[in-house]
Number of protein chains: 2
Amino acid sequence: MSREEMDARAKERLVGIAREWYEQMRDGVVPYIRLPTRTKRNLEYDDDSEVWKYGDRESTRSAATEKSAIHLLKMAYVIGFLKQQLVENRSSTLRELYYISEGWKKAKFAAQDESNLLIEDLEIITEMQREAFHLRPEEDGASIFGPLRLRETTRRGVKEIHCQEDVGEAGYPIPNNVDNLEFTDHDAKFVIAIETGGMYARLMENGFDQDYGAILVHLKGQPARSTRRVLRRLNESLGLPVVVFTDGDPWSYRIYASVAYGSIKSAHISELLATPQAQFVGVQPSDISDYNLPADRLTEQDINALKAELTDPRFATEYWRNQIRLQLDMRLKSEQQAFASRGLDFVTKEYLPTRLSEMGVI
Amino acid sequence: MSREEMDARAKERLVGIAREWYEQMRDGVVPYIRLPTRTKRNLEYDDDSEVWKYGDRESTRSAATEKSAIHLLKMAYVIGFLKQQLVENRSSTLRELYYISEGWKKAKFAAQDESNLLIEDLEIITEMQREAFHLRPEEDGASIFGPLRLRETTRRGVKEIHCQEDVGEAGYPIPNNVDNLEFTDHDAKFVIAIETGGMYARLMENGFDQDYGAILVHLKGQPARSTRRVLRRLNESLGLPVVVFTDGDPWSYRIYASVAYGSIKSAHISELLATPQAQFVGVQPSDISDYNLPADRLTEQDINALKAELTDPRFATEYWRNQIRLQLDMRLKSEQQAFASRGLDFVTKEYLPTRLSEMGVI
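Cut-off values and rules
Residues numbered from 1 in each chain as written. Chains lettered and ligands numbered in written order. Predicted model: local features only at pLDDT ≥ 70, side-chain atom pairs only at ≥ 80, totals over all residues. Heavy atoms only, no water. Helix = DSSP H or I, 4+ residues; strand = E, 2+ residues; numbered from the N terminus. Rg over C-alpha atoms; globule rule 2.2 N^0.38 Å. Buried < 20%, exposed > 50% of the residue type's maximum accessible area, 1.4 Å probe, protein only. Areas by Shrake-Rupley, 256 points an atom, 1.4 Å probe, with all protein chains shown as cover. Lys, Arg positive; Asp, Glu negative; His and termini not counted. Charge placed at Lys NZ, Arg CZ, Asp CG, Glu CD. UniProt positions renumbered as here; feature names shortened; annotations may be inferred. Contact = heavy atoms within 4.5 Å. Axes fitted to C-alpha atoms, helices over the stretch in contact; angles between N-to-C directions. Parallel < 35°, antiparallel > 145°, perpendicular 65-115°, else oblique. Left-handed = near helix turned anticlockwise from the far one by under 90°. Nonpolar A, V, L, I, M, F, W, Y, C, P; charged D, E, K, R; others polar. Buried area = accessible area lost by both parts, 1.4 Å probe. Salt bridge = Lys/Arg side-chain N within 4 Å of Asp/Glu carboxyl O. Polar contact = N/O pair within 3.5 Å; in protein donor to acceptor, adjacent residues only side chain to side chain. Least-squares fit on C-alpha atoms with pLDDT ≥ 70 in both. Domains from an automatic or database assignment.

Caption draft 1: Local environment of the overall build of chain A. A count of helical and extended segments in chain A gives 13 helices and 17 strands. Computed over its C-alpha atoms, the radius of gyration of chain A comes to 23 Å, within 12% of the 21 Å expected for a compact globule of 362 residues. Dimensions of chain A, computed from the C-alpha atoms along their principal axes, are close to 70 × 50 × 35 Å. Within chain A, the fraction of its 362 residues that count as buried is 57%. Accessible surface, chain A: about 15300 Å² in total, of which carbon and sulfur atoms supply 46%. For chain A, the distance from the average site of its 48 positive side-chain charges to the average site of its 58 negative ones is 6 Å.

Caption draft 2: Structural detail: the UniProt feature "active site" (unreviewed entry) in chain A. The UniProt feature table records "active site" (unreviewed entry) at Y99(A). Secondary-structure assignment places Y99(A) in helix α3 (residues 94-100). Residues within four places of Y99(A) in sequence aside, it is in contact with P294(B), E335(B), Q337(B), A338(B), A340(B) and S341(B).

Caption draft 3: Broad picture of the packing of helix α11 (residues 300-310) of chain B against helix α12 (residues 318-330) of chain B. Residues and elements named next belong to chain B. Across the interface, α11 lies against α12 with an axial gap of 10 Å and an inter-helix angle of 155°. By the criterion of interaxial angle, the relationship of α11 to α12 is roughly antiparallel. Our pair here, α11 against α12, has a crossing hand that is left-handed. Between α11 and α12, the residues in contact are I303, L306, K307, E309 and L310 and R321, I324, R325, Q327 and L328, respectively. For the contact of α11 with α12, a count of residues per class yields five nonpolar, one polar and four charged.

Caption draft 4: Examining the interface of chain B and chain A more closely. Residue-level contacts link 55 residues of chain B with 55 residues of chain A. Buried area between chain B and chain A, both sides added, is near 4500 Å², and the carbon and sulfur share of it is 46%. Considering only the side of chain B, the residues that lose the most area to chain A are Y99(B), R156(B) and E205(B), jointly responsible for 16% of the buried surface there. Here chain B and chain A share 14 salt bridges between them. Along the contact surface separating chain B from chain A lie 32 residue pairs in polar contact (both at pLDDT 80 or more). Within the residue set of the side of chain B that touches chain A, elements represented by two or more residues are α2 (66-87), β5 (92-93), α3 (94-100), β8 (148-154), β9 (157-162), α5 (197-205) and α6 (208-212) of chain B. If one sorts the elements of the side of chain B that touches chain A by residue count, α5(B) sits on top with six residues. Grouping the constituent residues of the side of chain B that touches chain A by class yields 16 nonpolar, 18 polar and 21 charged.

Caption draft 5: The arrangement of the relation of the copies chain B and chain A in detail. For the pair chain B and chain A, the superposition axis carries a translation of 0.0 Å, the fit reaches an RMSD of 0.0 Å, and the rotation angle comes to 180°. The operation mapping one copy onto its partner corresponds to a two-fold rotation axis. Take the interface residues of chain B: 100% of them recur as interface residues in chain A, which is what a same-surface contact looks like.

Caption draft 6: Looking closely at the domain arrangement of chain A. Residues and elements named next belong to chain A. According to the domain assignment, chain A consists of domain 1 (3-136) and domain 2 (188-358). With centres defined by C-alpha atoms, the gap from domain 1 to domain 2 works out at 34 Å. Between domain 1 and domain 2, the contact holds 15 residues from the first and 17 residues from the second. Across the domain 1/domain 2 interface, buried area totals approximately 1600 Å², and carbon plus sulfur atoms make up 58% of it. When the area that domain 1 buries against domain 2 is broken down by residue, the three leading residues are V51, W52 and Q129, summing to 36%. With its nearest N and O atoms 2.6 Å apart, the salt bridge here joins R225 to E123. Taken together, the links from domain 1 to domain 2 amount to two residue pairs in polar contact (both at pLDDT 80 or more). Those elements giving two or more residues to the side of domain 1 that touches domain 2 turn out to be β3 (51-54) and α4 (112-126). At four residues, β3 tops the list of elements feeding residues into the side of domain 1 that touches domain 2. For the side of domain 1 that touches domain 2, the per-class residue count stands at five nonpolar, two polar and eight charged.

Caption draft 7: Quick look at unusual backbone geometry. With an omega of 10°, the peptide bond running from G282(A) to V283(A) counts as cis. You will see that K220(B), though not glycine, has its phi angle at about 55°, which is positive. Position of K220(B) among the secondary structure elements: in the loop between β13 (214-218) and α7 (225-238).

This is the structure in structure tokens:
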């Protein structure tokens, strides 16, 4: 779909919400919207798409109460603003949208959390991503380095960039709206998504991308939507396996889970963001003992997070149960950069080649 | 200086420290090092370079006590590691260095704070930056967008990049070692350093770089060393005025101060990092009332931070005292994106042109 078609569709769907209210009122019905209940209990595994999505539980918000009427009023103002933004081919941040509501009197947002949630509601109703409304988050800053050529449609024209040849040592920074990207050519065998900047720079310095035909993607901690969308598209449209390399602690396993299975917050767009085929490389709890890695004691929060993962449907496999139980026994966690204790080359010459051939990726 | 010459000098100065210990021992002196005292009391304004530097207070660390002997032992191990790294043309993160010390028995660091401090000591003694030892921080991720052409020497060859034409919408990401950059050409009148990603994207979208010949630099909050070094070099080598545009709160004024005057933590390299000519654009406390910006109440911490700034030598001007007193009276703070309450164009069509011509920049 071209940018113009995408804009037209977004405008049509947004205005469609207001049109429905009009029709409800014309038919003597108090205007309302209907949305899936957004709780963990209403998360269901979808066999076809292999991701977690909202189930059938729904809630209705009708203008019959003052509180809900004001909610719909705010939604009406936001729809009006976004429509205008699409017509003028402008864009704005979620934060700017919140400030713009200053002038909306009764429809003014009390806090940015409120406007953010309303935008998520609009995503659910329209079945489009906020990027299609020309809304962007504050920042992200993840980046790519590897044998990949892409074409980005920017406000200053179309740019063609090779993610090794045309970039500096910091790589190619992923823009907010990934749907302006087209992958035109590549020479890669797989994609490795990396939690920390230190490890991303290590793989680049050691030439891991060249030696193994790897596209390096720096996640920068919990990955932004745009980063997850890029991983999904690299997997889907180029057919490349995606592996995730993080620290060895419960918070990092959640980074992997959000790449592979999606998150509760964005379950309404799991199909666009999640990469169900993504595999976890490590740091595995078993690596901590196998490689005698420098480790820290688990904190109380770590232990609780691991226990919560034992009941999380996303970790309901024998592999994860064994690893998590092992970690609870050892009471230890290690960072990915801890491999440096065995020398700066160990991770690229020993650990990753061994793991990736075990996993059948190389 | 070429990369090879820089490497040779770093190696020579590092090994020189060990050589001095050798000579001390040969002469029957217990080996020691001497360093400036690193406290606020020992900060002095240097009239020539217009930046804050360490004064004359010094402390001596001699191997006469066990604790100091172990400190020198650790330094000896670090020098050995860095020398080897320079010989092999490798590099590593501060975090990796900490992990590498795992194998150093008695010289093992207890925490990364300790190894980071030791590296700062080595910077002071050698009068070089850690980048010259091929050490990099975990991440930074600041970026540039504007009419600037540069040449970056990377491990994969020399890349020539124009920061408008050859980059995507996220701009050109600043690498860790800025001394591998050469500015080859530009068509700019000034540089504007911006605190938030939202405002950086706003100026880019509104074409502020084109309309006013501005190089946009995204600070990403408290700027990393590499970002401050880039600003200094843009000011010094291209003769471009630098202005700083932040939120209107005491923490943001410190961002400005660290760009303009340096920080206590890096006072030993203020001359390399600070841009004394940098001017503050806003958000000024007076803007909050002049433009009736959406604002939040100051917190207790905000008030204390403002009061501390009234006695900070870096804010000892009439302009800053008036603004800070005004803010303490109003008890309000505003973010830069609050200008969006007056429309998405207000900041680039009204506020910045007015302020910058007042300041004599445009």
